[in-house]
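As a plain string of letters, each chain reads:
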Amino acid sequence: MTKEELEKIFQKLNISYNEGVQNIDRNDIYPRVVFFDYVWEPLSASGKNYNTKVTYQVSFFSYEPRDPNLLNLKKELSLKNINPTIYHEFLKETREFHSYFSVEVLENI
């Protein structure tokens, strides 16, 4: 999977998303996704056009546990043979559910 394919999944499911940091203008949209990279792993012998495996954290925010959009996101990733472990927490201050997982994508860095 590439980063562009990951973003296309968010778009297909009509989930508001932002890379890097939360967009102040979209903080009141639910559900929403914020994703950021935190690991760059060079590919030493790749016959592909990509030279780095990049690990992203994907954070999904919702007002309800098991949000249908999160379940659809999980299904779409599964269709790409990506089956991440998804963690959940309730953010008391904002009264929202935060589900998060990591996903590896291929990029030219």
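Structure's up top.
Heads up: these notes are all about the structure in this document.

Calculation notes
Residues numbered from 1 in each chain as written. Predicted model: local features only at pLDDT ≥ 70, side-chain atom pairs only at ≥ 80, totals over all residues. Heavy atoms only, no water. Axes fitted to C-alpha atoms, helices over the stretch in contact; angles between N-to-C directions. Helix = DSSP H or I, 4+ residues; strand = E, 2+ residues; numbered from the N terminus. Parallel < 35°, antiparallel > 145°, perpendicular 65-115°, else oblique. Left-handed = near helix turned anticlockwise from the far one by under 90°. Contact = heavy atoms within 4.5 Å. Nonpolar A, V, L, I, M, F, W, Y, C, P; charged D, E, K, R; others polar. Pairing = 2+ DSSP bridges.

Section: the packing of helix 1 (residues 3–12) against helix 2 (residues 68–79)
At a closest axis distance of 10 Å, the pairing of helix 1 and helix 2 adopts a crossing angle of 140°. It follows that helix 1 is oblique to helix 2 by the angle criterion. Handedness of the helix 1/helix 2 crossing: right-handed. Touching Leu6, Ile9, Phe10 and Lys12 of helix 1 are Leu73, Glu76 and Leu77, all from helix 2. In terms of residue class, the contact of helix 1 with helix 2 is built from 5 nonpolar, no polar and 2 charged.

Topic: the sheet that holds strand 1 (residues 16–19)
Reading across the sheet, the 5 strands line up as 1-2-3-5-4 and stay open at both edges, with mixed pairing between neighbours. This sheet does not close on itself; its edge strands, each paired only once, are strand 1 and strand 4 (87–91). Taking each pair of neighbouring strands and ignoring which way they run, the sheet shows an average axis angle of 30°. Examined bridge by bridge, strand 2 (residues 32–42) and strand 3 (residues 52–62) share 10 bridges and lie antiparallel to one another. Paired with phenylalanine 36 across the strands is glutamine 57, a residue of strand 3.

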